[in-house]
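Chain residues, written in single-letter form:
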Amino acid sequence: MIGSILLPAPVPLPSHRISLRNRHSQSGSPRCSLSKQGHRFISTLIATDSDDISATHRLLRKFVASSSKHVALSTLSHLLSPTTSHLRLSSLALPLYLEISEASWFDWNSKLVADLVALLYKLERFDEAETLVTETVSKLGGRERDLCSFYSQLIHSQSKHKSEKGVLDFCTKLKLFLSCSSSVYLKQQGYASMVDAFCSIGLPRDAEELIEEMKELGLKLSKFEFRALVYSYGKSGFFSDMKRIVGQMESMGLQLDTVGANMVLNSFGSQYELSEMVSWLQKMDVSGVPFSIRTYNSVLNSCPTISLLLQDPKSVPLSLEELLANLNENEASLVKILVGSSVLEETMQWNPSELKLDLHGMHLSSAYVIILQWFHQLQCKLVAENRVLPAEITVVCGAGKHSVVRGESPVKGLIKELLLRVGCPLRIDRKNIGCFIGKGKSFMEWLSNNNTTIHERIS
């Protein structure tokens, strides 16, 4: 019964309540934001007497009966999330899942079960977790690929919850399963998931042992395993090991791409190893590894002076030259290397009808440096190349839907302050509050009038 499941102590899971549907889907559990209806339901649960099990049961049943598929599953996803800190809410994930599993629209999928098992491990309700795993393995029968995928999903879900016990338990099960399989493909996929999980929970040496096992089994190593290992060693502060693995990759002909290089930068940045970041950016530049917005984010977030300056947008420098004058040698070197890349060009769209600068994906420090670059580059093009601006100018900042405080975009606030301070004629778009817009003609006049002062400061 649901009532017994709500008790704090672990109890055997009533097998008759787990309705595993015939339709099997490999798609993962939904990862969408909580709806207004979901918010109201969560608030009601919090306010309900935790000792009144029957009342909680009625609330769960009524919520599922009155909710759409999207609302019910997004709410369950919220309860399953590793970031859900309310212990009682987490404990209600299983009974909510059981109610949802009885809905006519419910499509069973192994990823949802894996996420639920990981949460039960976190709550130390191991018997119920094992019952779910046993039921799922029985359901999947002899379908090797589906079983391998399920064990991999279990390991991944455990790693998201940083459960070393969970990762070890299911890696043991997956290894046993793989030892009985003749499929090279499944061994490849299974070992990759185990390496990734060990790296995610901060055990890079264990992950490297698995990579050695892969070599012994004749399995092909890819950038995926090496990237995970590089990042795990780096985030753990083992920079000599991180560099050693990078060297191994290069000796095997697996050059680090932008994603992997950004992981190295992020690792150095987490320990404020700015001189190492300078060397690494120079290596990327020489090797032809393209920079990206994430490169900007990783580097500039690690510059303490820029972070300090941005605490007061009303007084930040308004040109690159002024900014560089406020930075120490390593920080200045990092900014100079970044602004020499093609990232700004890739962020701009310039056609006869519109000039658009899209700041999506940029952290505050990146948006700040990019906007200074933008002013500089536009003036250079107008003066040196005699370019004509399009009819419309747009700067896209976003409306803050994904900000810490929903609807309050730090990037938008910063850009608004900068535009105001330099007297730029761009204004918030009434139709899209996440954008600043203006006419090309007035923007051109502003650039021309300010060209001498601003251009001299940043040249």
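Counting from 1, residues in each chain are numbered in the order their sequence is written. In view of the model being predicted, local features appear only for residues whose pLDDT reaches at least 70, and side-chain atom pairs are presented and counted only at 80 or more, with totals across whole chains, interfaces and linings using the full set of residues. Side-chain metrics in this entry use all non-hydrogen atoms of the structure; hydrogen atoms and water are not considered.

- Identification of the protein chain as Pentatricopeptide repeat-containing protein At2g17033 from Nicotiana tabacum is taken from an unreviewed UniProt entry.
- Here the protein chain is described in UniProt, under the heading Sequence similarities (unreviewed entry), as follows: "Belongs to the PPR family. P subfamily." UniProt positions are given in the numbering used here, feature names are shortened, and annotations may be inferred rather than shown by experiment.

**Digging into the UniProt feature "repeat: PPR" (unreviewed entry) in the protein chain**
- The sites that UniProt annotates as "repeat: PPR" (unreviewed entry) are residues 187-221.
- A helix here means a DSSP run of H or I that spans at least four residues, while a strand means a run of E at least two residues long, and both kinds are numbered starting from the N terminus. The straight-line gap between the two end C-alpha atoms of residues 187-221 is 12 Å; of that span, 77% is helix and 0% is strand.

**Description of the pattern of salt bridges**
- By definition here, a salt bridge exists when the distance from a side-chain nitrogen of Lys or Arg to a carboxyl oxygen of Asp or Glu is within 4 Å. What the rule picks out here adds up to 17 salt bridges.
- Across the salt bridge formed by arginine 143 and aspartate 146, the nearest N and O atoms sit 2.6 Å from each other.
- Note on classification: 1.4 Å probe, protein chains only; a residue is buried when its accessible area is under 20% of the maximum for its type, exposed when over 50%, partly exposed between these limits. Classification of arginine 143 by relative accessible area gives partly exposed; the value is 39%.
- Taking the relative accessible area as the measure of exposure, aspartate 146 reaches 16% and is therefore buried.
- Note that aspartate 169 and lysine 165 form a salt bridge whose closest N and O atoms lie 3.2 Å from each other. Of this pair, aspartate 169 and lysine 165 both sit in helix α10 (residues 164-179), separated by four residues, roughly a single helical turn.
- On the accessibility criterion, aspartate 169 (24% relative accessible area) is partly exposed.
- Take lysine 165: its relative accessible area is 43%, and that puts it in the partly exposed class.
- Linked through salt bridges whose partners overlap, the residues forming this network are Arg205, Glu208, Asp241 and Arg244.

**Re the pairing of strand β2 (residues 354-358)**
- The alternating pattern of β2 places Leu355 and Leu357 on a buried face, while none of Glu354, Lys356 and Asp358, on the opposite face, is buried.
- Judged from the three bridges that link them, strand β1 (residues 348-350) and β2 form a sheet pairing that is antiparallel. Note on β2: the bridge partner recorded for glutamine 349 is lysine 356.
- Hairpin remark: β1 followed by β2, antiparallel, with three residues in the connecting loop.
- The rule for pairing is simple: two strands pair if DSSP sees at least two bridges between them. Here five bridges tie β2 to strand β3 (residues 392-396), and the two strands are oriented parallel to one another.

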